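This is what each chain is made of:
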Amino acid sequence: MLFRSPVFHAANSASLRAKGVNVQIEEGGGQGCPLMTVVFAEVLHQAILDLKKEEGVDGVVAFLDDMTVVGAVNFVLPAVMRLAEKIKELGLELNLSKCKIIPKDATMVRSALVEICNDDPRISEFTLATMPGVDTSSAEWGDGFGAVIAGTPVGDPRFVHFHMDKVTREALADARHITEMLVATSGQAALAILMQSSTTKLSHLMMTVKPTIAELYLEMYDVGLVTQFFEVTGLMVADLTDPETELVMHRLRASRRNGGVGLNDPKSDCRQNFVNGFTMGTPRLADRTLKGKSAEGCIPTLSSVLGNKFSKGEGEQRWSKATSEESLKTSPMCLGFYMAYRGLQKEVALDGNAPVTGVLATPVEAAGIAEGKPNGNVLKKFASLIAQQRAAVASKKADDICSRIPRGSMVREAYVYSMAHSSSMTGFIATCPTYSGVIGNVHLQTAMASFLGLPIPALKDHQNTRLPHSLQPIYLDPHGHGISKADKIKGTATKDRHDSFLIVLADMLRTAGVRHTVEDVTAFGGARLDPNTNLPPIIPDIIIKTTDQPYLCDLKFMGTGTAPFGVDKEEGAAIETRATRINDEYQTAASNYDEEWNTTNATTTLRSYGRVRGLVVGPRGELSKDLVDLIAMAATAAGTKNWMELGEENASLARARYLRVFRRKIAVAAVRAQAICMSSRLEQALAQNAGGSRPSHRVRTQRWKAKKDHEEYANTHASFASANHSARNRRG
């Protein structure tokens, strides 16, 4: 019945246009049918099982039409020819010209081939697998014998070196080609590709090639990726001190969870990936003894890497052998694993003397089973424990480097705030450009430079430019401090920054189904007594209308180099310090208004809302705790509302999905708003210095569009008729 299914209908045709030939396909499955691979494997399955039973065949690994057979050549080749005869009955044909032999003893294999070919001349089509340029008639093991099996080089060390060099250079060339193609139109997309290249291009090789070989080429790959990163971002590190450079390079490779860029260091991770790959064997349930008691649990099947010596029903003896020194002598793979694991142990040992263990003496990932169900006894995979220890050691090293850098250094400041706000700051990194999440090339460079505490490339050509200021002269510095401090720069860049980010926040709340209003003039409308204005004494940015009690939120941006970041202030606390002041500012504004008009209406209204939440965005995209909590609340509401529509199993999984999306969306909006504000204020300052008072036509057009978007959103979703409120009329 299966083969009569319409899915396998073979009425397909193909056109070879270059030759002007139309081909009618009358046999086989439909192009792209997802079941055809399963059908093919099922048809070939019995033939492979028969091959494994052949005398002298030590092992067979097959993936669809690719097959590797292990054993003595004088047994394996006749067995393969018998397989070829069997699969002819299935309509399949073995392509002998593509069959290769990897000889451990080339001299013996060549002489055996002469004898076997006398019995079956077809075997003469088999060739020895080598790297290019090797004379198969005289070469020996070590001269370049080997082949690529399932993406992994299998052969002598020279062949593995050859393949690693080839693949590494190809991977670098691919990454460079893609980034160079994309960077002109979207540095954001080029950076996302570069981030992905650092984690996936060579991961499978790190798991299967011994680190003593792989590390050489992964270091070359790492240097190439870092070079491309600096080319894409345009960042400059030439003028940094040695500790500052060391800290920046650490943050390039640190995970985003630890306040880094996440450009993984393949060389550093090589041994970790090799250990992970070794312990990722197919799990199976097995009886074993745990703390003197018999238990059933999940342990890796080691036969694929240890050979048949440990896989023939030896039970606990098999496990004991696998974890003993004997395995180091009988399995080169075990030896490679042990050396990699010992290296990781020593790397995380504080005194350099890690305890000696057997190959698998430390617990692997194991799930306790009782009556066919997990009993809650779970042991973490030891490779995961090592990874956690490595992260802790790396973090301590970064802290030590930071301590050698004096306060006032932007590199140190950026590191401190990245560690304090890692969950919110790093969301803009490696995001693919979308309609609502695009960061222009110049603004991406500004955001990345601020994130790492480096000089901003867009300011390089304008250093020491005098900026309009009411008091002592302020001059432009490499990090843009003066742009935040200069109070005589005209224009509406700061208001545009506020309004554009407010739209993104409101859109997130609307998506989540959270009841809210934006710049609601009715909130304090009952307290208005001033006959000269129609505006109330306070206009909150957002009112969140929860079921318990509505509360007010006020949005504030902080510029780099402003007072809370001073060396005399608590390090790393500027964002929360600013956030805590907002509630006091609202109370002061309400109290002053009531005192002026001899009333208590404003203060009473403010108290009814409780504490005012301070939604503060820092110069590097840091978010205050209240803003982070608001994002989490929105994700919870969205998950509860939409989990079925998303196809998730429950609201909790949907919440996690929304949380990732919202964090990324807000992070992109934060750094983009800060970067646009900096460039707009710089352009306005330059225009004022040149004798003008207005920004360029392009900047005015951008601001008009931002204002129009803000008013359109506010008119549609807020509870008032017009959103055209001047910044000077807002209080709080």
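All residue numbers here refer to positions counted from 1 along the written sequence of the relevant chain. pLDDT decides what is reported in this predicted model: residues at 70 or higher carry local features, side-chain atom pairs at 80 or more are listed and counted, and totals for whole chains, interfaces and linings draw on all residues regardless. In computing side-chain properties, one takes all heavy atoms of the structure into account and sets aside hydrogens as well as water.

## Description of the sheet that holds strand S15 (residues 516-518)
Paired strands, as defined in this entry, are two strands with at least two bridges between them according to DSSP. The helix count covers DSSP runs of H or I at least four residues long, the strand count covers runs of E at least two residues long, and both are numbered beginning at the N terminus. Taken in spatial order, the four strands line up as S15-S16-S17-S18 in an open sheet, and their pairing is mixed. Each end of this open sheet is capped by a strand with a single partner; those strands are S15 and strand S18 (613-617). Taken pair by pair, the neighbouring strands of this sheet meet at an average axis angle of 20°, ignoring direction. Bridging between strand S16 (residues 542-544) and strand S17 (residues 551-557) involves three bridges; their strand directions are antiparallel. Bridge pairing in S17 places Ile542 opposite Cys553. We call two residues in contact whenever any of their non-hydrogen atoms come within 4.5 Å of each other. In this analysis an axis means a line fitted to C-alpha atoms, helices contributing only their contacting stretch, and an angle means the value between N-to-C directions, from 0 to 180 degrees. Across the sheet, helix H22 (residues 625-646) is in contact with S16, S17 and S18; its angle to S18 comes to roughly 100°.

## Some remarks on the side chain of Thr446
Within the fold, Thr446 resides in helix H17 (residues 441-452). If sequence neighbours within four positions are ignored, Thr446 has contacts with Ile456, Ala458, Ala675 and Met678.

## Some points on the confidence of the model for the protein
Scored between 0 and 100, pLDDT is the confidence that the predictor attaches to each residue. Overall, the predicted model of the protein reaches an average pLDDT of 80, with 77% of residues at or above 70. This stretch, residues 356-369, has a pLDDT under 50; its non-local contacts, to residues over four places away or in other chains, come to 59 contacts. Taken as a whole, residues 717-732 scores under 50 in pLDDT and shows 47 contacts with residues more than four places along the chain or in a different chain.

## Details of H22
The principal kink in H22, of about 50°, is found at Thr640. When accessible area is computed with a 1.4 Å probe and restricted to protein chains, residues below 20% of their type maximum are described as buried, those above 50% as exposed, and intermediate ones as partly exposed. Along H22, the positions that sit buried rather than exposed are Asp626, Leu627, Leu630, Ile631, Ala634, Ala635, Ala638, Gly639 and Asn642. Tucked into the core, H22 has its buried residues touching helix H19 (493-512), S16, S17, S18 and helix H23 (651-689). Where H22 terminates, the next one or two residues include Gly647, which has phi positive at roughly 80°. The quantity called bend is, for any residue, the angle between two axes fitted respectively to the seven residues ending at it and the seven beginning at it.

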